[in-house]
Amino acid sequence: MPTRDTAESAENAVTPRRRIVEAAVELLEAGGPDAVSTRAVAAAAGMQPPAIYRLFGDKGGLLEAVAEHGYAQFLESKRAQLDPAPEDPVEELRHGWDMVVEFGVSRPELFAVMNRSTGRDADVAHRAGLEILRGRVRRLAAGGWLRVDEELAAQIIQATGQGAVITWHATPQERRDPALLTVLREAMVSAVARAEPTFSAAESGPAPAAARALRAALPDQPDVLSEAEQILLREWLTRLAEGGAADGA
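Residues numbered from 1 in each chain as written. Predicted model: local features only at pLDDT ≥ 70, side-chain atom pairs only at ≥ 80, totals over all residues. Heavy atoms only, no water.

Peer 1: A description of the overall build of the chain should follow, citing residues and the corresponding values.
Peer 2: The helix and strand tally for the chain stands at 13 helices and zero strands. Its helices and strands taken in sequence order, the chain reads α-α-α-α-α-α-α-α-α-α-α-α-α from the N to the C terminus. When burial is assessed residue by residue, the chain has 35% of its 249 residues classed as buried. Summarising the internal contacts of the chain: among those between residues at least 6 apart in sequence, 71% fall at separations of at least 24. Carbon together with sulfur atoms contributes 55% to the accessible area of the chain, which is approximately 14,500 Å² in total. (Helix = DSSP H or I, 4+ residues; strand = E, 2+ residues; numbered from the N terminus. Buried < 20%, exposed > 50% of the residue type's maximum accessible area, 1.4 Å probe, protein only. Contact = heavy atoms within 4.5 Å. Areas by Shrake-Rupley, 256 points an atom, 1.4 Å probe, with all protein chains shown as cover.)

Written out as structure tokens, the structure is:
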């Protein structure tokens with residue numbers, strides 16, 4: 001009969017797949033994609049090359065698994081620092097952007113593989129990260145901070161973060177200036193968020209504030225409402241929200 005210790009050991013055991021992926025990540029970060037050969041990865045993982053083909057198909061499949069592993073690591077750190085009810089949603093936006101850029105600056109090879117990935121598992125992890133981003137954007141919208149529509153805001157945040165990382169690594173090391181990252185972050189904040197919220201619950205009353213919060217939280221693909229019902233509900237919520245803002249003006 002297995003003891004508690006042996007059960008815990010089995011749970012904590014590193015699978016062959018994980019050993020290979022972690023070995024590939026180490027080689028990638030030390031020598032770039034060219035260092036991730038099946039022979040080198042197998043040797044680093046203490047396994048035979050056929051095991052890689054059996055588990056991943058080819059080098060492309062292995063790199064997809066590396067990308068998924070990178071997303072999982074990043075999401076774990078992101079969720080650990082996630083504040084579900086931040087006092088300052090604009091400061092939360094800054095913090096989230098800094099996290100992405102710091103990850104890309106400190107782990108350039110892994111970041112590049114993650115952004116090139118097209119595999120299903122990596123895509124699932126990528127979309128989970130996007131949901132965290134959209135949650136931040138919704139909180140900005142619900143508080144009256146958002147300057148542009150939510151989809152455009154998310155695109156601006158993504159594009160500036162990725163662009164900052166790409167520009168940083170394209171610049172010769174002796175010419176890199178951390179002020180660039182700060183300037184790009186503040187340019188992103190200025191493009192996405194207002195200096196002051198356009199409304200507050202105290203100014204416009206609880207109903208308009210609730211309407212704005214619900215409108216910001218509406219899912220993109222609702223399971224309960226039809227597309228026409230979703231459009232109608234959004235229109236009603238917009239009227240309530242804007243009517244409250246007009247009354248408070």
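Peer 1: Quick one: what's the story with helix 10 (residues 179-192), residue by residue and with numbers?
Peer 2: Between its first and last C-alpha, helix 10 extends 20 Å over 14 residues, near the 20 Å set by a 1.5 Å rise per residue. Looking at helix 10, one finds that the buried residues are Leu181, Arg185, Met188, Val189 and Val192. An end-on view of helix 10 places all buried positions within 100 degrees of arc, on one side of the element. (Expected span 1.5 Å × (residues − 1). Arc of directions from axis to C-beta.)

Peer 1: Please give an account of the packing of aromatic side chains that cites residues and values.
Peer 2: Under the counting rule described, the total for this entry stands at one aromatic pair. Arranged with centres 5.0 Å apart and planes meeting at 50 degrees, the rings of Phe74 and Phe103 form a pair that is tilted. Here the residue Phe74 occupies a position in helix 5 (residues 59-80), and Phe103 occupies one in helix 6 (residues 89-106), the gap between them amounting to 29 residues. Summarising the burial analysis for this pair, Phe74 and Phe103 share the class buried. (Phe/Tyr/Trp six-rings, centres within 6.5 Å; stacked < 30°, edge-to-face > 60°.)

Peer 1: So what about the pattern of salt bridges? Which residues, and what values?
Peer 2: Pairs may arise between side chains of opposite charge once their charged atoms sit close together. Counted according to the given criterion, the structure contains nine salt bridges. A salt bridge links Arg185 to Asp98; the nearest nitrogen and oxygen atoms lie 3.0 Å apart. Of this pair, Arg185 sits in helix 10 while Asp98 sits in helix 6, and the two are 87 residues apart along the sequence. By relative accessible area, Asp98 is classed as partly exposed at 22%. A salt bridge links Glu131 to Arg134, with the shortest nitrogen-to-oxygen separation between them at 3.2 Å. Linking Glu131 with Arg134, this pair stays in helix 8 (residues 120-142), spanning three residues, or about one helical turn. (Salt bridge = Lys/Arg side-chain N within 4 Å of Asp/Glu carboxyl O.)

Peer 1: Which residues make up the packing of helix 5 against helix 6, and what values do they have?
Peer 2: Closest axis-to-axis distance for the helix 5/helix 6 pair is 11 Å, and the angle between their directions is 140 degrees. Judged by the sense of rotation from one axis to the other, the crossing of helix 5 with helix 6 is right-handed. The segment helix 5 lies against helix 6, with Gly70, Phe74, Ser77 and Lys78 engaging Met99, Val100 and Phe103. Across the contact of helix 5 with helix 6, the residue classes break down as four nonpolar, two polar and one charged. (Axes fitted to C-alpha atoms, helices over the stretch in contact; angles between N-to-C directions. Left-handed = near helix turned anticlockwise from the far one by under 90°. Nonpolar A, V, L, I, M, F, W, Y, C, P; charged D, E, K, R; others polar.)

Peer 1: Got a sec to walk through the environment of Asp58? Specific residues and values, please.
Peer 2: Residue position: Asp58 is located in the loop between helix 4 (49-56) and helix 5. The spatial distance from the C-alpha of Asp58 to the C-alpha of Thr38 is 8.1 Å, given a sequence separation of 20 residues. There is a polar contact of 3.1 Å between the side chain of Asp58 and the backbone nitrogen of Gly60. (Polar contact = N/O pair within 3.5 Å; in protein donor to acceptor, adjacent residues only side chain to side chain.)

Peer 1: An account of the confidence of the model for the chain is needed here, citing residue identities and associated values.
Peer 2: Close inspection of predicted coordinates is inappropriate in any region flagged by low pLDDT. Residue-level pLDDT values for the chain average 82, and 79% of them are 70 or greater. Across the chain, helix 10 holds the top mean pLDDT of 97, while helix 1 (residues 4-12) sits lowest at 42. Scored below 50 in pLDDT, residues 1-12 shows zero contacts in the model against residues more than four places distant or in partner chains. Note on residues 244-249: pLDDT under 50 across the span, and five contacts to partners over four residues away in sequence or across chains. (pLDDT = per-residue confidence, 0-100.)

Peer 1: Outline empty space enclosed by the protein, listing residues and values.
Peer 2: Scanning the entire structure with this criterion turns up one cavity of 30 Å³ or more. Looking at the largest cavity, its volume works out to about 380 Å³. Around the largest cavity sit 21 residues that line it, and Phe74, Lys78, Val100, Leu130 and Gln158 are the ones nearest its centre. Where the lining of the largest cavity is concerned, the elements lending two or more residues are helix 5, helix 6, helix 7 (108-116), helix 8 and helix 9 (150-170). When the residues that make up the lining of the largest cavity are grouped by side-chain class, the tally is twelve nonpolar, seven polar and two charged. (1 Å grid on protein atoms, 1.4 Å probe; cavity = no way out; pocket = protein on both sides within 12 Å on 5 of 7 lines; lining within 4 Å. Points joined across faces, edges and corners; volume = space filled by probe spheres on them.)

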